[in-house]
Every structure is written in C-alpha cells, then in structure tokens.
Amino acid sequence: MTVRYTLDVSTSSFTSFTKVLFRWRASLWKSVFQDLLCWLLLYSILSCVYRFALADWQQEIFEDAVAFAYKYTDFIPLTFMLGFYVSLVVNRWWDMFLNIGWIDNPSLYVSAYIEGTDKKGRMIRRNIVRYLVLVQALIFRDISVTVRKRFPTLDSLEAAGLMSVEEKKTLLDVDSPNAKYWVPVQWAYFLIREARQEGRIKSDHAVQELFDKLGEFRAGLGKLACYDFVPIPLVYTQVVILTVRCYFIICLMGRQYVHTTRHINVNSMVDYYIPMMTIIQFVFYVGWLKVAEALLNPFGEDDDDFEVNWFLDRNLQVGLTVVDDAVTKQPPLKKDVFWA
Amino acid sequence: MTVRYTLDVSTSSFTSFTKVLFRWRASLWKSVFQDLLCWLLLYSILSCVYRFALADWQQEIFEDAVAFAYKYTDFIPLTFMLGFYVSLVVNRWWDMFLNIGWIDNPSLYVSAYIEGTDKKGRMIRRNIVRYLVLVQALIFRDISVTVRKRFPTLDSLEAAGLMSVEEKKTLLDVDSPNAKYWVPVQWAYFLIREARQEGRIKSDHAVQELFDKLGEFRAGLGKLACYDFVPIPLVYTQVVILTVRCYFIICLMGRQYVHTTRHINVNSMVDYYIPMMTIIQFVFYVGWLKVAEALLNPFGEDDDDFEVNWFLDRNLQVGLTVVDDAVTKQPPLKKDVFWA
Amino acid sequence: MTVRYTLDVSTSSFTSFTKVLFRWRASLWKSVFQDLLCWLLLYSILSCVYRFALADWQQEIFEDAVAFAYKYTDFIPLTFMLGFYVSLVVNRWWDMFLNIGWIDNPSLYVSAYIEGTDKKGRMIRRNIVRYLVLVQALIFRDISVTVRKRFPTLDSLEAAGLMSVEEKKTLLDVDSPNAKYWVPVQWAYFLIREARQEGRIKSDHAVQELFDKLGEFRAGLGKLACYDFVPIPLVYTQVVILTVRCYFIICLMGRQYVHTTRHINVNSMVDYYIPMMTIIQFVFYVGWLKVAEALLNPFGEDDDDFEVNWFLDRNLQVGLTVVDDAVTKQPPLKKDVFWA
Amino acid sequence: MTVRYTLDVSTSSFTSFTKVLFRWRASLWKSVFQDLLCWLLLYSILSCVYRFALADWQQEIFEDAVAFAYKYTDFIPLTFMLGFYVSLVVNRWWDMFLNIGWIDNPSLYVSAYIEGTDKKGRMIRRNIVRYLVLVQALIFRDISVTVRKRFPTLDSLEAAGLMSVEEKKTLLDVDSPNAKYWVPVQWAYFLIREARQEGRIKSDHAVQELFDKLGEFRAGLGKLACYDFVPIPLVYTQVVILTVRCYFIICLMGRQYVHTTRHINVNSMVDYYIPMMTIIQFVFYVGWLKVAEALLNPFGEDDDDFEVNWFLDRNLQVGLTVVDDAVTKQPPLKKDVFWA
Amino acid sequence: MTVRYTLDVSTSSFTSFTKVLFRWRASLWKSVFQDLLCWLLLYSILSCVYRFALADWQQEIFEDAVAFAYKYTDFIPLTFMLGFYVSLVVNRWWDMFLNIGWIDNPSLYVSAYIEGTDKKGRMIRRNIVRYLVLVQALIFRDISVTVRKRFPTLDSLEAAGLMSVEEKKTLLDVDSPNAKYWVPVQWAYFLIREARQEGRIKSDHAVQELFDKLGEFRAGLGKLACYDFVPIPLVYTQVVILTVRCYFIICLMGRQYVHTTRHINVNSMVDYYIPMMTIIQFVFYVGWLKVAEALLNPFGEDDDDFEVNWFLDRNLQVGLTVVDDAVTKQPPLKKDVFWA
C-alpha cells in the first residue's frame, strides 16, 4: 500500500516535516540501510588494511590510488542523470496510477442507464460489473507478481467468484494465441445490446455512453499492460544503476582518510574514522535512486507499491453495491433547508 | 486562502516587484524566519565556543573541522534535487487546483436542461446541486484538516443543511466498507432519470449531457482523493528535506570564520561576525524548499493553501442561485445598440 | 500588444537574428537599461570611494571585502532557479493565452445551427454573441488593469453597448455575494432553449452542441480567472527575485577592480574601470528575470502583454458579423476549376 | 522540406550514425560554417596583431586582457539557458506541426456522410473540401513568407483555382477589419446545412460530426495563427542570442594562445595556432542555437522548415480525390482468405 | 521486441537490480562494447607511441598536448545536452508507441454495433477489420525497414491475404501522387454506411461511433507517419552525436597517463596502464547516447525496437476473432456467487 503522509504535512512547519523524517515504512532509512551497511563494511576493511596491514611503500601506493579515485569522482555525472531518470520514472508511475481502473464511473452509468429491479435486470447489471473486474484481474495477473500469486490459474479466478465455470469455458474456447483481455468486455457489450433490445435501456444514447464508459475502463487497463509491455529501455536503467554503483565503489577508495603531504586535496588534518560526508552523500544519492527503483514497477511488493489485490476486492464490492443494492435506495425528494 | 499579488505585478517595473518583496502573508520571510533564527543561534554558540572557550590546540582541531566541513558542502547536490522536486510538487499542486470542483458548469447545465418552475422542478434542480456539494464535502473531509474540523461527523453535515436526516440514513444504509463518495452522485443520476420520465427533460441528449457533466465534477473530486491516496513517494520527500537540512547543519561548522593560515580557503582576512552569505543562501534554499512544503498538501492550513471551506459555501450558494433564483430572471430580448 | 518578430526570422541567418537584437519595443534593452544604469551608478560610487576617499588601511579592508564577496557569488544558484522558474511562468503564460477566448468557434456554430433571417432570429443570434463578449468583459475587468480602467463600472459596460439597461438590472438583481460571471451564459442558454422550442434549431443535437461550445468558451475564461485567483506561490516569486537582486548587490562589491597582491583571484593586472563582464552578466540574468516578470501577469500594461481591450472589440465585431451580416452572404454553388 | 534521416538510423550502429554526420542539407555544418569562418577570420587578425604588430609592453596588456577574458567566460550560463530555450522552441515547433492541418480526416467524413453521386452532391462535397484548403491558404499567407510569395493577393488565390470570382467577391463583401479566416468555414457549414435539408445527409448526428470535424481543422489552423500572433517573448530570444554571441566575442580574446608566465591558466606550453577546442565549442553551441533559430519560425525558408506550399497542393489533390473520384471506387464484398 | 525486465524489478532490492545489470539482450554492454573496444585500441596505440616511440623532446610535446586536451574536456557540455536530448527522444518514442494502433477497440465496437451472423454480416465485419490492418501495413511499410522487407510490394500484401486482387486493383485505380493510406479507411466507412442502410446497424449513433473509432485508429497511425515525416531536426541530432564523439576523441589524448612535473593536473603518481575512469565515463555517456540512438527510430531492427511485424499479425488475428468467432460465444446469464 502506498504510504500516506499527507495529513502530517497539512502545515509547513519544522516539526511536521521532522516527523515525516522519522517514519520507517517505505522510508529512506528502510530502503537505504542495508546497502549502506555493506558499503561501510567494505570501507572499514579497506581502511584497516591501509592503517595496519600495509608497509610504508605500500601505503604510498594506496595513497596515490586514493588521490586518483578522489579526483575522478568528479567525472561521474550523477546528479543530472538521476534527475532526468527519476523525472521519467515518476511520470510513468503517476500515469500508471491514473489508469489503474476505478469501477465507480462505469458502474454508476450502468446503474443509471439500465433500468429494472427484476431478477434479469439485476443479473445484467451485476454481470457487467463483474466482467469489468474480471478484465482487471486478468491484466493484473500479467503485470503484478502479487496478483499472480493470488490467482495463479483461471481456476483460482473461478474459485474467487470472479468468473463462473461456463464463463471460464467460453473464455478458453476463444481461439487466440494472444492475450484475451477483450473477451469479458465483449460479453458486457453484448449484454448491453441485449438490454437495449429488451427495452431496459431507454435510448440509443445510453448504449453509446455505456460502450464508451466501459471502453474507457478497458483502455486504461490496456495502457497499464502497455507500460508493462514496453518498459523504460533497459539501457537507460542500466546506465543509471551502474553510474550510482560505480560512484560509490570509487568512493570506497577516494574517500579514505590518508596521511600524506603529497596529495593536498585528500590530506586531512585530523584523523577521521567515519566518512560522515560520504555517508550523507550515500543516503542522498542511493535514496534518490531508490525512488526510481520502487516506482519502476509499482505493481510489485515494495512498501510503496499499489495494493493491487485490494483494488480488485474493492472494485468488486463497490461495483456490485452500486448496481444492485444501492439502486433501490433513494432518499425522498424534499425541500432543502435553504429553500426560500 | 491563496495570496494574490497578480495585480501588483501588472507592469514589470523595479518598484512593483520590490513591493512584492515586502509582503508578509504567505511570504518567504514569514516561512523562513523561525528556522533562520534557530540556525543563527546555533551558529553563534559554536562561534563563541571557538573564540572564547577553546584552548589553542582545541582551536586547531576546530579549524580543521571547519575546513573539512567547508570543503564537503560542495558534495551535496542541493540545487538540482530541489529544482526537480519543486517542479514535481508544483505540477501536482496545480492539477489539484484544476480538479477542485467548480459547481458553475454542472449547475448551468442543470438549469438549462431541466425545465419547470413548479415546486417539484425546483426541488429536483436544487437537490442535484446540493448532492454535488455534498460529494465535495465528503471528499474534502477526508483530505483536508480544516474541513474535517468543520464537519467532524455526518451529523455536522446534516446540521449545516448539506444533507437531510433521510439522506444521512440512506447513506449509512448503503452497506460498504469503502468510501461512499459515489452515493449522492447516484441519487442525482436517479433524479435526472426521473425528470426525463416526467418529461421535464426534453431529450435523451440532455440526459447524456447531464450525466457527463455531473460525472466530470465527480471525476475531478475523485482525482483529488487519488492525489491524497497516493502522495509523492515518501522516500523522495525525505531525501529532499534531509538534503537541505544536512547542508545547513554542515554549514554550521563549515561557514565559521576562523583565523588560520593552514586552510587557505576558509581563512578570512577580516573578522566577520555575521555569516551574511550563508544567511542569504539559507533564505534561498530553505525558501525554495518551503514552496514545496506548502504545496505538498494544499488542503492544509498554510497561508497559501486553498480555502476549501470557502469553496463549499461558495459552491452551495452559487449552485442554488443558478438553478433556482436565476432561472426566472431573463432579460427581455431586444435589439442591441450595434443593430444596423 | 505582443511584439511579433516571427517574419523577421523566416530564415535562420546571422543578419536576420541580428536585426532581432536591434529592436527596442518589448526588448531586452528597454527592460534592462534602467536597472543597469542604477547598478552602474552605485558601482561607480563605490569604485570612486575606494580609489579616492579611502586611506591605505581602509583600502585593505575594502579589498578583503571585495575578495570575500567575489568568492561567495559562486554560492548563489542563479542559473538553475531562474531556469526552472521561467519554465513554469512561460507554461502558465501560454496556457493563459490559449484560454483567452476567441469568439469565432461559438459564433460559427450559432450561425449554422440557429436558422432564420427574420428579426427575432437575428436578435437571438446577436444577443448570444454579445452575452459571451459580456462574460469576457466581466472577467477581464477583474484580472486586467487595462480593462478595469476602460470599464470601471457596470455602467461603462452599458455605455459601451455590451449590455442593455435591462440586462444590467437583471444582473444586479441576481442575489449572490460571489462573482456572477455565469449569469450572461445562462441567458444565452435560455435563448438557445427558446430557439429550439420555436423550431429555429432543428435538432436536439444542435442544442447539445451549442451548450457545449458556449460552455467551452466560458470554461476557458474561467480558467483565466483561476490563474488570477491562484498565482504562482508568493514564496517562489520572492525567492527568485531576491536571488537575482542579492547576486548583483554582492557583485557591487565583488566585481570591483582592486590593486592587491593578497587576493590572487580578484587582482587584475590592468586597471579596468568598466566592469564589462558583470554588465554582460547583468543583461543576461536580469533580462531572463524580466521574461518571467513580464509574463507573470500577461494582462497588465507591459509591452509584451496581451492587448485585452483589442480582444473585446475584435470579438464583438467578428462575432456579430458572423452571426448576422455574413449569414446571408453565401457564394453560389458552382463547379470548381478542377472539375473533371 | 524537413530533412528525413529516420531510415538511416533504423539500427543504432556506429556507421549508421556516422552517415548521419556527413549529411549536408539542413545539417550542422551548413548552418554553422559561415559564422565559424567569420569568427576564425577575426580570431586570426587578433592573433596576428599580437604576434607581429605589438610592442612588448603592448603584448603584456594584451596578455592581461586575454587572461581576464579567459576567466570570465565561465560566468556566462550558456548551457542551461540554451537547454531551456531549445526545449521551449522544440515543443512549440512540434505542436505547430501537429496543427498544420491534414485534409484526410474531414474529407473522409464528408465523403461518408454526404451521399449522392449526382452533380450537385459532387459539387457540395468538392466545395467543402476546397473551402477548407482555402482557409488553410488564407492563414498560411499570413504566417509564411513562402506562401505569401506564391499568393501575394486574393487574385492569385483565384487564379490558382482555390476560389472563384464570386467567392472572392463575397469574401471581400464581408465587412470586417479583422482577419476573415472564418468566412469559408461558414460557407462550408451552410453547405452542410443545405445538404441536410435536401436529405443528402441522413441524420442530425452526421451534421454534428461534420461541423465538429471541420471545426477541428479550423481550430488547428487557428492555433497556428496564434503561435504566429504571440511568439516567444522577444526578451527571451534576445537574451539567448546575445548570450551565445557575447560568449564567442569574449572567446576571441580569451582563447588566444599567449606566451606569458604571469597568467598560469592561459599560458600554453606549446604554441598552437588553431584554436581547436574553441572551434569545437563553437560548433556545439552555435549549432544548438541554430536548432532554435530554424524552428522558431518553421514556416520560413530554412532547409528544415515545413514545405507549406506542398501542403496546400497535397491537401487540395487528396481532398478532392477522397470526396469525388474515390467515392465510386469500392471493391466488391468478398470472403477474405482467412475465412473459416 | 522490446526487452521486458519489469517482473525482475518487482521489489526494489540490491539483488534484483544487480540481475538487471547482467542482462545482455538490448543491454548497455551489448550496445557499448564495440565502440569501447575501438576506443581502447586507439588509446593503447597512442599510449605505446608515447612510451616507446618518442624521444624525450617529443615526449614533452606529447605531454603538453595531453595537458591541453585534459583541460579542455571541461568545456564540452556533455551532460546537459544529453539530458535534454534524451528527454526529447524518449517522449517522442513513447508517444509513438501509444499511437502504434491496437485493433482491440475498433473491433469490439464493430462486433457490438454491426449485428447479424449471416454470411454478409460476417463479411462486412471481417472486411472492416482487415481494412484497418491493411492501413496499418501500408503505413508500417513506409516507416519501418523490417515491414518493408516483409512486404516489399503491394503484391506481397495481397499474397499475405491482407488485400484481395480486386482491392489491390481498386487501390491502384485511385489516381493520386500522394500516399493513399486513407483508401481502405474509406472502404470501411462505406461498408458501415451500407450496413446501416440494410438495418444491420440499429441507430445513427452507432454509425457515428464506428466512424469515430475507426478514425481514431487511422489518426494514431497518421501520427506515426508524421513522426517519420518530421524527425527531430537533423542539426540537433548531429550536435549531440558530435559532442559525445569529440569528447572521447579528445579524451584519447587528455586521459593519457604521462610522467611529468610540468603539468600538475595530469601527472599521476603511479603508472596506470588502464584508463579505468575514462572507461567508466565512456560506458555512461555512450550508453546514455545509445538510449537516444535506439529510440530515435523505434521501427528499426535494434533489440529494443517495436516488433512491428508481430503487431500486424496480432492485430489481424485478434481483430478477426473479435468480430467473427467470438460473437457467437456468449456465456449464459446466471447469478454470480455473491448474489444476495
């Protein structure tokens, strides 16, 4: 589930944002600390080797290498590359969220346009909503590990009540080597056509509108599949990850504190044991990268990923309520309190 | 309420923009001065310690630490990170504002499509508008602290006249563990269907249009809820806040004026007591960050946040006027003065 | 009026772009020269004080201050902040222009859908157009100083023929403490409804379309009002203006030419009297800022602001011509010259 | 005509992109070489003056000036300013292209909705298409030098067959001081209305759709006119051009190779006669600027500008074919080869 | 085929992203290694020449040249230019993908609106779908080398069953020197009109909707053709490629390890033989450029390009299934398991 902290920052004050810093779930600290510990371990080993294990002439070579590494970290364009890459990932991530598919709109239209509280009318409306959630489940299975785990097979979808035996059979009957996300949508379209023929839908306008609203729902989910189908080019992702990792591998050497008068820029007056500044840098840059890593596939299992299973349950529950239970619940028409 | 200064800058002159600088509400000064005072206090303490409390050899260590901190502030990528982050926040903020929900458009359509000045016609139109404002209030309660304070319970909404007792009962009757923002919209849809059946709406086109306009209003508000539901990933916000704070914590040491010949770059010829330049930097960077902090949750209580309570009142007042009082007020059709 | 130079740059040649440099209206030179003169004056005074008024030991302090100021100008993140801010302002400015409201589209629809060349038909069409221009005028009055000056009161709108006495009375009759931009749109909607009832409009489609086109016009203008209602957060604007100004105030000292061997980086071998490079910098940075300042409120009185009064006149003239004079002017249907 | 090189880069290989480098039309080389030669000439003159014409003490002053100029080139924020400006120009340029107006869509709708292969039916369809192309020609005349040259007067449009004598007369008859781009669109709208009245168009839907498609075409062209009407603010363009030019004027001095031990950073160990690095810089920066210059007015006469005259001819040819010749050419309805 | 790695990055962990680094297809390594080997070869040759072939005084000149080249690499604005350019290319690439044309939506509408399971009904539906795929094939032939290779002539399209002999003849009959992408769309439009006349389509709404959905499909493909027709201006692409190449050509000299005390910044204490840092830089920058190169024409033959041939086959298969086989497969209407 995406971690919400919006209410904490209602006011822009020092304390409210300090509180934000001390969260753990989906936080910078949680995502960075493992990598940081590894890095510190390696750093300490190198540091100990330098101080205790090397002879003087070896220390000199070590110091030269440090000076060399120190100088060249400047050549790695970390900030910019991360800035552009994170922008790209964040934009994709947000667009994915916008297309994740809320059942509210189509089911409101279904409830308003398809009339009748008899059994058949209810069945038509309920089935249309269920078909939409079924499409969503089918697509989520292909793009999300968590949904795939929950619904490993079509049988599990049937067991969960998302489709009946006959529907599963019909779906399997459709002869196509390609993804069949469109099949339940077609069933829904045919149900709408049927409802129109039986006069449950009053006008051709309504048919058009229903087709469009269902189509929008499907199109959004299709876009999700596209985002999965064509990710950010692998080269780009590799370049960015590699840049950050190389930078800190080089820092393992370049940020060692050495005693030497031959390299003015790496010489430190006092002997520091903890590379405070580099730790800070590590937290910033690796944290920034983690933003991208977590958002790259927001249908995964990170703390900040979309809770897709919850989405399916929610859509089914809300959709069925809208088109069935709620249609008979209408408050009486009365004057409001501002009536003049 | 967002602070307006647009009229002050009608002309791009030195004086008009100087006037902008000397505002207080929602200003840079107001948002920065507290943090700045704290920082200056800490800075002064460190400065006094160095000058009065330390022995010579301690001063040397202090100076080394200053030189060290001075050098490493360069490694913190403040500008870029802030630039990208503020861009992201500003874009979200503006999109939130665009979706905040103005009643004007739906109520104009309601007034034009649903005819009849009899009691029932007026009630239908008024109720539709009220239902829309009710949806808005329900959503605002969940995303805004100020609206939550005003309407802590459904009862308070009833007391304010936004919903009747029966409506509250019906709303609570709907059996759903999820947010029920859609319920009043459905009531409005059913009212429109009823008006069509009674012939108050003349064509199926009108029904379609009304559904769409009400749907747009609801969709905008739904998007607001989404922005609240999925904020900018916590890691990103933490990284940025931390970067800025670390920078100025390091500056506490790195920008001390010390007397030493061993560190050429931190040595200052004259003895300055006030770190003018760092104060200026502080104002810039922390001010820039405050832009992001204030906009991150624009439904809060900052000076620059949207006045959401005013919005609800305004929408109710304008909406009811449009669909009721104003429908009988139509100027006579006459020739205009340019008639040839 | 926005200054056009597009035709000058039809070809990308050295001379064509040189010509662009030597324009005066709305130019860099015009917007920068006053500020630059002030800055130069202050700079000269400081320079004279240093050379003629100070004793040797005072000169040394002066030189130290110069070296200090010189070093710290690097810490001010001018370029980035300006880059991001100007991008934001330019995007808003262009979106404002796109929503400024051209009457062409709605009036073409009005002329095509509402038939009849009798007096009443003409009155209906003309009044709809006039109402749209009236909305525009009402909104422009609130966001533009120049339109406000032209139409200080509703009476002045009446005097200009934009509304009749009865219409003014009806407008004032509408009881609402909030802006009443929607009132004339409602009148237009009711006129359309009336025309449909009288059979001047042939189909319900046409009613829907007309409502939508008029609604789009209104929505665009409403967006303009939003841009005025919620400007770029004051903090952001203040930060940017302050950054630029501080930079050049510090440059007043930091770019002085001093004779000293103690500060290698500010020492100049030859004695320059005119700070050429800083002047160039001043022109760039202040010029860049002026882009933002001029576009921040494009409805003001800068050279490059939109000529909003012209817009109103143009819309009224074109709109009335489209829906009245031009409807009877239709060329005969004949074969074209390419007829085979 | 825009120069196409997409097929050359089907594969991302060293050779394919090397081939791209060696093109001449619309290339970097073609756009840069003149400016570069001028710059080199000036550079050589200065260089010769220094080496052969100056006395020793004059040389020293020259060297000081070189050191001074060298140091200050750093202060010019070339890269960023160009980056933001080019982004802005490229976005505008691409949006202009998207709105340039392809006749295909409106003419397909015209051919499908307006039935009848008799003379009048054909005339109606042909005239509607011709009117759209006429609007395009009228607008292109005002924004493009090349179209203006081809059609200097309305008579030339008549001579080209884009309008008849009667149409020209009717157009001139419309009494309006403002641009009359809307007139032929109105004629087309009236023709559609007439076709509906005669039953050539079967439904009101079709009328609505045709109005919309024609309106979209007109709106796109209107947006082109807007881009011409409100260009990028002059100040911005001036700032960018000036920045680049000043940079290289300063480089004329700052990149001279001088023999001196007094300025360590400009001293060069070996005597270079050709400023290779500055030439490379010149090619990059001026080339980047040329991107902006060429795209600023894409309706001009640069190699990379849109071939607007070709567009008009193409639209007329394709449009007439779609609505006339092709309507009678329909392949027989037969089973396809995949029929099961 | 675009290489998918989304499932690998479900979780943001060190190992999952390390796995991403070790892929080969479409990877950084694959795209960079050839260029890198070339560069290393040249570097080694230069290095050997310096160490073994040059006399002392020649070595000095070499060292001077190295120092010179080293200093000037700073002047090349690699990072920024790449950042802005790659952003532009990635945006275009993604928009191309979004417009690549999925048959699902139009064929679902065709199947739902055009009724009848008799032979003619099936033929109409199948042909409409086939015509759309034909348009896609016609456009892909012109923008993609791989599709062109598969379908070098219209005859090959006929052989593949995409068009019949009569259709090919009709297409060739249409007399137009310009691209005839619109012809099959017109056939489809006429088929829809015929179906309406025969009563297979029940309402005028449906005709409008079908026209629109088919039109959207065509418009998307038309946009693809536009992207091919007007690529990113050649100058821009040349500037960027040249910048990167020049940078590394200069690095061939500037990053040589030389023994000299005259150039402090290029002197290295220890003798390194392998320019590790520059290799890393090479991988980053050239890899970043490769992102742009591969995406510049995503219809080519790179690993990461869209598999356009697969698209055509998929669209034909899915489209025909939707409108023919699947229309008779509708699961029975039954109560769902949540029925209360």
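Draft legend 1. Spatial organisation of the overall build of chain A. Helix and strand content of chain A: 14 helices and 0 strands. In terms of C-alpha radius of gyration, chain A reaches 29 Å, well past the compact-globule figure of 20 Å for 340 residues. Accessible area of chain A: about 11,700 Å², with a carbon and sulfur share of 61%. Of the side chains in chain A, 36 bear a positive and 37 a negative charge, and the two mean positions are spaced by 6 Å.

Draft legend 2. Local environment of the packing of aromatic side chains. In this structure the tally under the stated criterion is 156 aromatic pairs over all chains. Centroid distance W94(E) to F97(E): 5.4 Å. Interplanar angle 40°. Geometry classified as tilted. Of this pair, W94(E) and F97(E) are both found in helix α4 (residues 78–98), 3 residues apart, which corresponds to roughly one turn of the helix. In this pair, the class of W94(E) matches that of F97(E), namely buried. Following the ring pairs from residue to residue traces out a cluster consisting of W93(A), W94(A), F97(A), W102(A), F140(A), F299(A), F306(A), W310(A), F311(A), Y227(B) and F229(B). The aromatic ring of W94(E) is capped on one face by R92(A), whose charged end is 4.5 Å from the ring centroid.

Draft legend 3. Here's a closer look at the interface of chain B and chain A. Taken residue by residue, the interface counts 89 residues in chain B and 90 residues in chain A. Both faces considered, chain B and chain A share a buried interface measuring about 8,500 Å² in area, 67% of it formed by carbon and sulfur atoms. The largest contributions to the chain B side of the interface with chain A come from F75(B), F229(B) and L234(B), which together make up 9% of the buried area. Across the contact surface, chain B and chain A share 4 salt bridges. Its salt-bridge partner being D212(B), residue K213(A) comes within 3.9 Å of it at the nearest N-O pair. The tally of links between chain B and chain A comes to 21 residue pairs in polar contact (both at pLDDT 80 or more).

Draft legend 4. Structural view of the confidence of the model for chain A. Residues and elements named next belong to chain A. When the pLDDT values of chain A are averaged, the result is 87; 96% of them are 70 or greater. At the low end of the mean pLDDT range in chain A sits helix α1 (residues 14–21), at 79; at the high end sits helix α5 (residues 104–113), at 94. Scoring of the predicted complex yields 0.92 for pTM and 0.91 for ipTM.

Draft legend 5. A look at the relation of the copies chain E and chain A. Least-squares fitting of chain E to chain A yields an RMSD of 0.0 Å, with the superposition described by an axial translation of 0.0 Å and a rotation of 72°. Here the two chains are linked by the operation of a five-fold rotation axis. Relative to the rotation axis, the closest C-alpha in chain E is found at H205(E), a distance of 5.9 Å. Interface residue correspondence from chain E to chain A reaches only 4%, placing this contact among heterologous pairings that use different surfaces.

Draft legend 6. The arrangement of the relation of the copies chain B and chain A in detail. Mapping chain B onto chain A is achieved by rotating through 72° and translating by 0.0 Å along the same axis, at an RMSD of 0.0 Å. The overlap is low: 4% of the interface residues of chain B also sit at the interface in chain A, so different surfaces are used on the two sides.

Draft legend 7. Representation of helix α3 (residues 56–72) of chain C in the model. Under the 1.5 Å per step criterion, the end-to-end length of α3(C) is 25 Å for 17 residues, consistent within 8% with the ideal 24 Å. If you check which residues of α3(C) are buried, you get Q59(C), F62(C), E63(C), D64(C), V66(C), A67(C), F68(C), A69(C), Y70(C) and Y72(C). Elements in contact with the buried residues of α3(C): α3 (56–72) and α13 (276–296) of chain B, α2 (28–53) and α12 (234–254) of chain C together with α3 (56–72) of chain D.

Draft legend 8. A look at the pattern of salt bridges. Under the criterion given, the structure shown has 112 salt bridges over all chains. Taken together, the shared-partner salt bridges in this structure form one network comprising D118(A), K120(A), E194(A), E198(A) and R200(A).

Draft legend 9. Region of the structure containing the interface of chain E and chain A. Listed as interface residues are 90 residues of chain E and, on the opposing side, 89 residues of chain A. Between chain E and chain A, the buried area comes to about 8,500 Å², and carbon and sulfur atoms account for 67% of it. At the surface where chain E touches chain A, the tally comes to 3 salt bridges. Across the contact surface, chain E and chain A share 21 residue pairs in polar contact (both at pLDDT 80 or more). Mapped onto the side of chain E that touches chain A, the elements with two or more residues apiece are α1 (14–21), α2 (28–53), α4, α5 (104–113), α11 (204–229), α13 (276–296) and α14 (308–323) of chain E. Examining the composition of the side of chain E that touches chain A, we find that 11 residues originate from one element, α4(E), more than from any other. For the side of chain E that touches chain A, a count of residues per class yields 54 nonpolar, 22 polar and 14 charged.

Draft legend 10. Region of interest: the packing of helix α2 (residues 28–53) of chain D against helix α12 (residues 234–254) of chain E. In contact at an axis separation of 9 Å, α2(D) and α12(E) are set at 80° when each is read in the N-to-C sense. Classed by the angle they form, the pair α2(D) and α12(E) counts as roughly perpendicular. Across from L28(D), W29(D) and S31(D) in α2(D), the residues of α12(E) making contact are V235(E), Q238(E), V239(E) and L242(E). For the contact of α2(D) with α12(E), the class distribution of residues is 5 nonpolar, 2 polar and no charged.

Draft legend 11. Representation of the nonpolar core within the structure. One finds F140(A), Y236(A), Y236(B), Y236(C), Y236(D) and Y236(E) to be the most contacted residues of the largest nonpolar core, which totals 623 residues. Excluding anything up to four places from it in sequence, Y236(E) contacts V86(D), V90(D), W288(D), V291(D), F84(E), Y85(E) and L88(E).

Draft legend 12. Focus on the packing of helix α6 (residues 119–143) of chain A against helix α14 (residues 308–323) of chain A. Residues and elements named next belong to chain A. Where α6 contacts α14, the axes come no closer than 9 Å and their chain directions differ by 170°. Considered as vectors, α6 and α14 are oriented roughly antiparallel to each other. Across the interface between the two elements, R125, R126, V129, R130, V133, Q136, A137 and F140 of α6 pack against V308, F311, L312, N315, L316, G319, L320 and V323 of α14. Within the contact of α6 with α14, the residues separate by chemical class into 10 nonpolar, 3 polar and 3 charged.

Thresholds, definitions, all that
- Residues numbered from 1 in each chain as written.
- Chains lettered and ligands numbered in written order.
- Predicted model: local features only at pLDDT ≥ 70, side-chain atom pairs only at ≥ 80, totals over all residues.
- Heavy atoms only, no water.
- Helix = DSSP H or I, 4+ residues; strand = E, 2+ residues; numbered from the N terminus.
- Rg over C-alpha atoms; globule rule 2.2 N^0.38 Å.
- Areas by Shrake-Rupley, 256 points an atom, 1.4 Å probe, with all protein chains shown as cover.
- Lys, Arg positive; Asp, Glu negative; His and termini not counted.
- Charge placed at Lys NZ, Arg CZ, Asp CG, Glu CD.
- Phe/Tyr/Trp six-rings, centres within 6.5 Å; stacked < 30°, edge-to-face > 60°.
- Buried < 20%, exposed > 50% of the residue type's maximum accessible area, 1.4 Å probe, protein only.
- Lys NZ or Arg CZ within 6 Å of the ring centre and 35° of its normal.
- Contact = heavy atoms within 4.5 Å.
- Buried area = accessible area lost by both parts, 1.4 Å probe.
- Salt bridge = Lys/Arg side-chain N within 4 Å of Asp/Glu carboxyl O.
- Polar contact = N/O pair within 3.5 Å; in protein donor to acceptor, adjacent residues only side chain to side chain.
- pLDDT = per-residue confidence, 0-100.
- Least-squares fit on C-alpha atoms with pLDDT ≥ 70 in both.
- Expected span 1.5 Å × (residues − 1).
- Nonpolar A, V, L, I, M, F, W, Y, C, P; charged D, E, K, R; others polar.
- Axes fitted to C-alpha atoms, helices over the stretch in contact; angles between N-to-C directions.
- Parallel < 35°, antiparallel > 145°, perpendicular 65-115°, else oblique.
- Core = buried A, V, L, I, M, F, W, Y, C linked by side-chain atoms within 4.5 Å.

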